[in-house]
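Listed here are the chains, written in short residue letters.
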Amino acid sequence: MHFVGSRSSADSQVTKAQTFYGWKLVAALWVLDFLNMGFPLFGGAVINTYMLKQIAMERSTYGLGFTLLNLFVGLPSILVAAVILKWGIRASFAIGSSLICLGALWLSYFATKPWHYLLGFGVIIATGISFATIVPVTIAVTRWFNRYRGRAMAIPLAASGVAGFLLAPFVNKILAANGGNWRQAWLVVVGIAVASAIFAFVFVKERPEDLGQTVDGARADAAARHAASPSRLVTRLLWTPSQAFKTPAYWLIVVGGLACQFPYFFFIAHWILHLRQHGISAADAAWAQGLFTLGGIGGRLIGGWLMDKMPARFAFMSGLCCYFLGSFLAMNVQSTAFAVAVTAGILYGTAFGWTFVCMNTITAHYFGPAAFPKVNGMMLLLTGIAGSPAGVIGGRLFDRYGSYVPAFELNILISAIGILALAFAPMPQKGITADSGPVAATEPAV
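Calculation criteria
Residues numbered from 1 in each chain as written. Predicted model: local features only at pLDDT ≥ 70, side-chain atom pairs only at ≥ 80, totals over all residues. Heavy atoms only, no water. Helix = DSSP H or I, 4+ residues; strand = E, 2+ residues; numbered from the N terminus. Buried < 20%, exposed > 50% of the residue type's maximum accessible area, 1.4 Å probe, protein only. Contact = heavy atoms within 4.5 Å. Areas by Shrake-Rupley, 256 points an atom, 1.4 Å probe, with all protein chains shown as cover. Salt bridge = Lys/Arg side-chain N within 4 Å of Asp/Glu carboxyl O. Core = buried A, V, L, I, M, F, W, Y, C linked by side-chain atoms within 4.5 Å. 1 Å grid on protein atoms, 1.4 Å probe; cavity = no way out; pocket = protein on both sides within 12 Å on 5 of 7 lines; lining within 4 Å. Points joined across faces, edges and corners; volume = space filled by probe spheres on them. Nonpolar A, V, L, I, M, F, W, Y, C, P; charged D, E, K, R; others polar. Axes fitted to C-alpha atoms, helices over the stretch in contact; angles between N-to-C directions. Parallel < 35°, antiparallel > 145°, perpendicular 65-115°, else oblique. Expected span 1.5 Å × (residues − 1). Bend = angle between axes of the 7 residues up to and from the residue. Phe/Tyr/Trp six-rings, centres within 6.5 Å; stacked < 30°, edge-to-face > 60°.

Chemist: Before we go on, may I ask you to explain the overall build of the protein in this structure?
Modeler: When its secondary structure is counted, the protein shows 18 helices and two strands. The buried share of the protein, taken over its 446 residues, is 54%. Excluding contacts between residues fewer than 6 apart, the proportion of contacts in the protein whose partners are at least 24 apart in sequence is 84%. Of the roughly 18500 Å² of accessible surface on the protein, a fraction of 68% belongs to carbon and sulfur atoms.

Here's what the structure looks like:
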C-alpha cells in the first residue's frame, strides 16, 4: 500500500509538470503581441497612406508621426512597469487596449488636420502599444521562466515580425475592398483592441504561484535545489532596482541597447529610399523590406536560444556583429545585384531581432525578476529616446553628402561601441541583498 501511494504521488507530480501553464502563457503573449503591435502599428502604417490622400500634410510631418510613435513606445516604459508592479500585467494590457481604442476612435471620427494625426497615431496609439506589448510581455516571461527564459522571450517577441509581414498586405486588401475608407479601417483596429483586452483578461496569469506552480514548471523540491545551485547564466542575487542602477554593468548594457535600437530606427526610415536611389524598383524594394521583417523573426529565435546557452553578453555581442556585415553590403547595393540588397536587409532584420531579445533578457539574467520591471523599463526608455532621432540624423547625413553611406558608417561605429561596452559588462560579481548583505554572484569573470 505504501508503494502504491508513493507511485500515485509521483504520477500526480508528473501530471502537474506536464500541465505547466508557462508555455500556454507564451502562446497567449504571442497572440497579444501580434494583435497589439500588428494592427495599430503595421496596419496603421498602411491606413495612414490612405489618410494622407485626404489630410494634406508635408512628408516631413507624415514622417514625424512615426518618429513620435518610436519615442512614445519607449517613453512610458517606467510608468508601465510601475502599473504592473501595483495592479498587475493584465491591468497593463487593459490600459494599452483602451489607449489603442481611444487613438483609433480619434483618428476615425475626428482626424481632419495633421496635428490630429500626430496626436492620435504618434502619441495615443503609441502609448497604448507601450502598455500592451514589450514591457508586460517581457515581465510575464521573466516571472514564469528561468532556465528557458531566452527561448520563452523570443517566441512572443517574434510575433511583431510575423505581423509586419502578414498584416500590412492584409490591411491594404481591406482598404482596397472598401474603396480606401481609412476611417472604417481604424474602426477595425478598435475591434481588435477590444478583443485583445478580453483575451488578455482570460489567458494572462500573473505568476506561477497563482496556479500553484513553480518557475519553469519544476517540482517544488527540484525548483528549490535549482534556485540554490550556482549558474553562470542567471544571477542568484536578490537585486533591487536602485542597486542595479549603481552597477557599471547596467549602464554598459544600456549602451549595447542603443547599438541595438539606433541602426534599426535608421533602417526602417531610409532603407527603401536607399534602394530606390540605386535604381532598384519600388516593387523589389518593398520585397526587400519584407525580407528584412522575416529576418527579424529568425533573429529573435536565434538570440533567444543563445541566451539559454551562453553568457548573455556574448549572445548580445554576436547579434550586433550582424549589423557590420549588413552595413557593408548595404553600402554596395547596385541595381544589377539585387541579391546584395536582399542579403543586407535580412542581416539587418536578423541583427535587430537577435539583439532585441538579448537586450530584454540580459537585465533579467543579471538582476533577477524582482528588479526587472523597473530596470528594463528604464533601459527601454533611455534607448528609445537616444535611438529615436536616428531617422532624422540619417536624413541629414544624406542631405549633406548625397548618399546614405555615411549613415551606414555611423551604424557600424555605434555597433562597435556597443560590442566594446558589452565586452566590459560581465554579470556583477558582488551585490547587496535586502536580507543577507554582500554576496558573491555566480558568473565567473571572463
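Still more to cover.
Chemist: Help me understand the pattern of salt bridges, please; the structure alone is not making it clear to me.
Modeler: Two side chains bearing opposite charge may form a pair once their charged atoms approach each other closely. This structure, assessed with the given rule, holds two salt bridges. Where Glu206 meets Arg143, a salt bridge forms, and the shortest distance between an N and an O atom there is 3.3 Å. Note that Glu206 is positioned in the loop between helix 10 (182–203) and helix 11 (220–228) and Arg143 in helix 7 (residues 134–144), a separation of 63 residues in sequence. Across this residue pair, the class does not change: Glu206 and Arg143 are buried. Ionic pairing is found between Asp308 and Arg151, a salt bridge with its closest N-O pair at 2.8 Å. On the criterion of sequence distance, the pair formed by Asp308 in the loop between helix 14 (282–307) and helix 15 (312–330) and Arg151 in helix 8 (residues 149–157) is long-range, its members being 157 residues apart.

Chemist: Whenever I open this one, the nonpolar core confuses me. Can you help?
Modeler: What tends to happen in soluble globular proteins is that the nonpolar side chains get buried as a cluster. In this structure, Phe93, Trp182, Trp186, Trp271 and Phe408 are the most contacted members of the largest nonpolar core, which totals 120 residues. In terms of residues, this core owes the most to one element, helix 16 (residues 338–387), which gives 19 residues. Once residues within four sequence positions are removed from consideration, Phe93 is found in contact with Leu29, Leu32, Asn36, Phe131, Ala132, Pro136, Val137, Ala200 and Val204. Core analysis: the second largest hydrophobic core is formed by seven residues, Phe34, Leu35, Ala163 and Ile192 among them.

Chemist: Can you help me understand empty space enclosed by the protein in this one?
Modeler: Applying the stated criterion across every chain yields a total of one cavity of 30 Å³ or more. Counted as a void, the largest cavity has a volume near 60 Å³. Phe39, Gly43, Ile47, Val171, Ile174, Leu175, Ala185, Val188 and Val189 together form the lining of the largest cavity. Put simply, the parts of the chain that give the lining of the largest cavity at least two residues each are helix 2 (22–51), helix 9 (159–177) and helix 10. For the lining of the largest cavity, the per-class residue count stands at eight nonpolar, one polar and no charged.

Chemist: Help me understand the packing of helix 2 against helix 8, please; the structure alone is not making it clear to me.
Modeler: In a packed pair of helices, the relevant descriptors are the angle between the two axes and the axis-to-axis distance. Put simply, helix 2 and helix 8 touch, their axes get as near as 7 Å, and they point 30° apart. Our classification of the angle between helix 2 and helix 8 gives roughly parallel. Across from Trp23, Val26, Leu29, Trp30 and Asp33 in helix 2, the residues of helix 8 making contact are Ala152, Ile155, Pro156 and Leu157. Considering only residue class, the contact of helix 2 with helix 8 consists of eight nonpolar, no polar and one charged.

Chemist: Sorry, what's going on with the side chain of Gln261 here?
Modeler: Mapped onto the fold, Gln261 is located in helix 13 (residues 248–277). By relative accessible area, which is 6% here, Gln261 ends up buried. Ignoring any residue separated from it by four or fewer positions in sequence, one finds Gln261 in contact with Phe352, Phe356, Met359, Thr383 and Gly384.

Chemist: Please clarify how the side chain of Ser97 should be interpreted in this entry.
Modeler: Looking at the element boundaries, Ser97 is found in helix 5 (residues 89–109). Using a relative accessible area of 2% as the deciding quantity, one classes Ser97 as buried. Dropping the residues within four chain positions of it, Ser97 is found in contact with Asn36, Ala132, Ala193, Ser196 and Ala197.

Chemist: What exactly am I supposed to notice about the environment of Leu32 here?
Modeler: Note that Leu32 resides in helix 2. We classify Leu32 as buried; its relative accessible area is 0%. The spacing of Leu32 and Ala132 is 100 residues in sequence and 7.7 Å in space, taken between C-alpha atoms. Non-local contacts of Leu32, meaning those with residues more than four positions away in its chain, are made with Met37, Phe93, Ala132, Ser196, Phe199, Ala200 and Val204.

Chemist: Any chance you could explain helix 16 here in plain terms?
Modeler: In an α-helix there are 3.6 residues to a turn, and that puts residues three or four apart on one side. End to end, helix 16 covers just 29 Å across 50 residues, shorter than the expected 74 Å (1.5 Å per residue, more than 12% under). The largest bend along helix 16 reaches roughly 130° and is located at Gly368, with the proline Pro369 sitting one to four residues downstream. Within helix 16, 38 of the 50 residues are buried, which leaves it mostly tucked inside the rest of the structure.

Chemist: So what exactly am I meant to see when it comes to helix 5 here?
Modeler: The end-to-end C-alpha distance of helix 5, which contains 21 residues, comes to 30 Å, matching closely the 30 Å that a straight helix rising 1.5 Å per residue would cover. Taken together, the buried positions of helix 5 are Ile89, Ser92, Phe93, Gly96, Ser97, Ile100, Cys101, Gly103, Ala104, Leu107 and Ser108. Looking at the buried residues of helix 5, the elements they touch are helix 2, helix 4 (77–87), helix 6 (114–132), helix 7 and helix 10.

Chemist: Got a minute to help me understand the packing of aromatic side chains in this structure?
Modeler: By convention here, two paired aromatic rings are described through the distance between centres and the angle between planes. Under the counting rule described, the total for this entry stands at 31 aromatic pairs. On the numbers, 5.2 Å between centres and 65° between planes, the contact of Phe245 with Tyr250 is edge-to-face. Using a relative accessible area of 0% as the deciding quantity, one classes Tyr250 as buried. Seen from their ring centres, Tyr264 and Phe265 are 5.8 Å apart, and the 50° between their planes marks the pair as tilted. Here Tyr264 matches Phe265 in class, with each residue buried.

Chemist: Help me out: how do you make sense of the packing of helix 5 against helix 10 in this one?
Modeler: As a packed pair, helix 5 and helix 10 sit with axes 8 Å apart at the nearest point and diverge in direction by 170°. When the axes of helix 5 and helix 10 are compared, the pair comes out roughly antiparallel. For the pair helix 5 and helix 10, the contacting residues are Arg90, Phe93, Ser97, Ile100, Cys101, Ala104, Leu105, Leu107, Ser108 and Tyr109 in the first and Trp182, Arg183, Trp186, Leu187, Val189, Val190, Ala193, Val194, Ser196, Ala197, Ala200 and Phe201 in the second. Residue composition of the contact of helix 5 with helix 10, grouped by class: 17 nonpolar, three polar and two charged.

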